[in-house]
Amino acid sequence: MHRDNRNPYVLNETESLCPECLTRIPASRVHRGDSVFFEKHCPEHGRFSTVCWREQSRYPAWAQAKRSSCHEKSHPPSQAGCPFDCGPCLRHRNKPCCVLLEVTERCDLGCSICFAGSGGPSLPDPDLATIRRWYQVLLNTNGPFNIQLSGGEPSLRDDLPEIIALGRSMGFTFFQINTNGIRLSQDAVFLGRLKKAGLSTVYLQFDGTDDTVFTRLRGKRLLSIKQQAIEQCARQYIGIVLVATLVPGINTHLIGDIIRFGIAHSPAVRGVHFQPISYFGRYHGSPTDSSRFTLPEVMTAIVEQTDGLVKAQNLKPPSSEHPLCSFNGSFIVLPDNTLHALSRSADGLNCCTTVPYRTGGADKARRFVARTWSYPEQDCTNGSIRKSREGCSLGDWDMVLERAQTHSFTISGMAFQDAWTLDLDRLRYCHLFTMSRDDRLVPFCAYNVTARSGASLYRSREALKA
């Protein structure tokens, strides 16, 4: 049936939470003009409408991207229902790909935005016995999975290498740390200990290419520190992924520059990951539509700001998690710093995307990340890195094949959900989990969601008072 795009109509119905009281309420996705809005009504607090997808022409095909479902070992059935006692419950449709372990609530920055609300009053760091128990819980739940050590700022723990070594000894094979890079830029000995323990990748907070951005978002001039951290990791052959939180009016104009910066520092930098700001953690109030930067806007900015380096068809929806959650593209960096796109969707995996589960999607995603986000073992341009063969062919295709082994590069993005945009259908496809203090695997967005007042479902409220 033909629809007049000038008139609003409901695209689908789901469930969400009230941003005021976090009560579960009905919600709808509504097409209006050239955008899609997430709308819901709380009997006590009224109606809420939030833009969730601009550039509506791309929405129908993207939203229908193929997804899979799976049920294996699970925690006990949910009693209160999604998202109040996640485990994951029997209604959850994906097993974990990556699991975050928050090893500290301490931080050496006081960023204006922080999903963890770190840096204020905090709970004691979990000890090694607790972390060992967490590893065992994961092994008992279809593990091992890829592990991200997060916080707070995980590098504040002097025993971070021991945490990695413990996980390695229990069978976990891929470790990344989510870090601001301050200690890594200054402490080569500590970084060497992390490398020896088995660190695979540094997930480096990197919001822009000038200090104006860092001053506004992080409270300090940090660009030189970020560059030093990258140089230190490159010396130790540790892969880096640049992670940019995108805030309208602050750094969305620097998307292309961030990508070019990453390419210029390949093969140490393995990719760039964009996260449009979500309003949870250290953010109290009601965000306006002008403060939203939606997933299609990120993709359009990537294409426009890279001047043809990246094309729209190179960026694809995920194959397993909910298609409205993310996009990804997989490339090879060529010697002239141009990109050769890998066109097959299966090549576009990242830590939060999989191929359909029936073909072993989560397992393939974990292996893909371990291969592409770790520092390469061979590099035809650097004799200090091990080579698998003598010399490199100068033929164009042979060169591409050689570079595929050493200079892979991913460009990806993820739209995390906050109290205004939380869609329980999306949440049930999540395979990015956080381990809670009471040993439960909680989908990332549910774990971090906060009401307008700052009240939370799972996260320590003490840490959110900062």
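Considerations on the overall build of the protein chain
Next up, step 1: On a plain count of helices and strands, the protein chain comes out with 13 helices and 15 strands.
Next up, step 2: Residues counted as buried form 59% of the 466 residues belonging to the protein chain.
Next up, step 3: Look at the contacts in the protein chain between residues 6 or more apart in sequence, and 70% of them connect residues 24 or more apart.
Next up, step 4: Counting every atom, the protein chain has about 18,300 Å² of accessible surface; 50% of that belongs to carbon and sulfur.

Some words on the state of the cysteines
Next up, step 1: If you walk through the whole model with that rule in mind, you get 0 disulfides.
Next up, step 2: Take C111: it sits in no disulfide, and the sulfur closest to it among the cysteines is that of C107, at 5.9 Å.
Next up, step 3: Classification of C111 as buried rests on a relative accessible area of 7%.
Next up, step 4: Not engaged in a disulfide, the cysteine C325 finds its nearest cysteine sulfur in C445; these two sulfurs lie 6.8 Å apart.
Next up, step 5: Judged by its relative accessible area of 9%, C325 is buried.

Some remarks on the confidence of the model for the protein chain
Regions with low pLDDT carry predicted coordinates that are not meant to be interpreted in detail.
Next up, step 1: Looking at the protein chain, the pLDDT average stands at 84 and 81% of residues meet or exceed 70.
Next up, step 2: Predicted confidence for residues 344–367 stays below pLDDT 50, and this span has 67 contacts to residues more than four positions away or in other chains.
Next up, step 3: A low-confidence stretch, residues 378–394 (pLDDT under 50), is modelled with 29 contacts involving residues beyond four sequence positions or located in other chains.

Comments concerning the side chain of R218
Next up, step 1: Residue placement: R218 occurs in helix α6 (residues 211–218).
Next up, step 2: For R218, the side chain forms a polar contact with the side chain of D207, separated by 2.6 Å.
Next up, step 3: The contacts of R218, once residues within four sequence positions are left out, are L109, C111, I113, Q205, D207, V213 and T245.

Topic: the side chain of S278
Next up, step 1: Along the chain, S278 falls in the loop between β10 (269–276) and α9 (295–305).
Next up, step 2: Separated by 2.6 Å, the side chain of S278 and the backbone oxygen of F416 make a polar contact.

Description of the environment of D418
Next up, step 1: In this structure, D418 sits in the loop between β13 (408–414) and α12 (424–427).
Next up, step 2: Sequence spacing of D418 and Y279 is 139 residues, and the spatial spacing of their C-alpha atoms is 5.6 Å.
Next up, step 3: At 2.7 Å, the side chain of D418 and the side chain of R292 are in polar contact.

Let's talk about the packing of aromatic side chains
Next up, step 1: The final tally for this structure, using the stated rule, is 8 aromatic pairs.
Next up, step 2: Ring geometry for Y135 versus F172: centroids 5.0 Å apart, planes at 40°, classification tilted. In this pair, Y135 is assigned in helix α2 (residues 128–139) and F172 in the loop between α3 (160–169) and β7 (175–179), connecting sequence segments 37 residues apart. Of the two residues, Y135 and F172, both sit in the buried class.

So, the nonpolar core
Looking at soluble globular proteins, one finds that nonpolar side chains tend to be buried together.
Next up, step 1: In terms of nonpolar packing, the biggest core is built from 80 residues, with Y135, L149, F274 and I302 touching the most fellow members.
Next up, step 2: In this structure, L149 is in contact with L101, V103, Y135, P154, L160, I163, I164, F175, Q176, I177 and N178, ignoring residues within four places of it in sequence.
Next up, step 3: Membership of the second largest hydrophobic core comes to 36 residues, among which are C18, C82, M414 and L422.

Structural notes on the packing of α3 against helix α5 (residues 188–197)
Next up, step 1: Packing of α3 against α5 leaves a shortest axis separation of 8 Å and a crossing angle of 5°. Judged on the interaxial angle alone, α5 and α3 are roughly parallel. Contact residues: L160, P161, E162, I164, A165 and R168 in α3; F190, R193, L194 and A197 in α5.
Next up, step 2: Residues that form the contact of α3 with α5 fall into these classes: 7 nonpolar, no polar and 3 charged.

Examining the sheet that holds strand β1 (residues 9–17)
Next up, step 1: If you walk across this open sheet you meet the 4 strands as β1-β2-β3-β4, and the pairing is antiparallel. Across the chains shown, the open sheet's two edge strands, defined by having one partner strand only, are β1 and β4 (46–54). Along the sheet, successive strands turn relative to each other by an average axial angle of 25°, direction set aside.
Next up, step 2: For strand β3 (residues 35–42) and β4, the ladder comprises 8 bridges, and the chain directions are antiparallel. From the neighbouring strand, C42 faces β4, where its bridge partner is G46.

What counts and how
- Residues numbered from 1 in each chain as written.
- Predicted model: local features only at pLDDT ≥ 70, side-chain atom pairs only at ≥ 80, totals over all residues.
- Heavy atoms only, no water.
- Helix = DSSP H or I, 4+ residues; strand = E, 2+ residues; numbered from the N terminus.
- Buried < 20%, exposed > 50% of the residue type's maximum accessible area, 1.4 Å probe, protein only.
- Contact = heavy atoms within 4.5 Å.
- Areas by Shrake-Rupley, 256 points an atom, 1.4 Å probe, with all protein chains shown as cover.
- Disulfide = S-S within 2.5 Å.
- pLDDT = per-residue confidence, 0-100.
- Polar contact = N/O pair within 3.5 Å; in protein donor to acceptor, adjacent residues only side chain to side chain.
- Phe/Tyr/Trp six-rings, centres within 6.5 Å; stacked < 30°, edge-to-face > 60°.
- Core = buried A, V, L, I, M, F, W, Y, C linked by side-chain atoms within 4.5 Å.
- Axes fitted to C-alpha atoms, helices over the stretch in contact; angles between N-to-C directions.
- Parallel < 35°, antiparallel > 145°, perpendicular 65-115°, else oblique.
- Nonpolar A, V, L, I, M, F, W, Y, C, P; charged D, E, K, R; others polar.
- Pairing = 2+ DSSP bridges.

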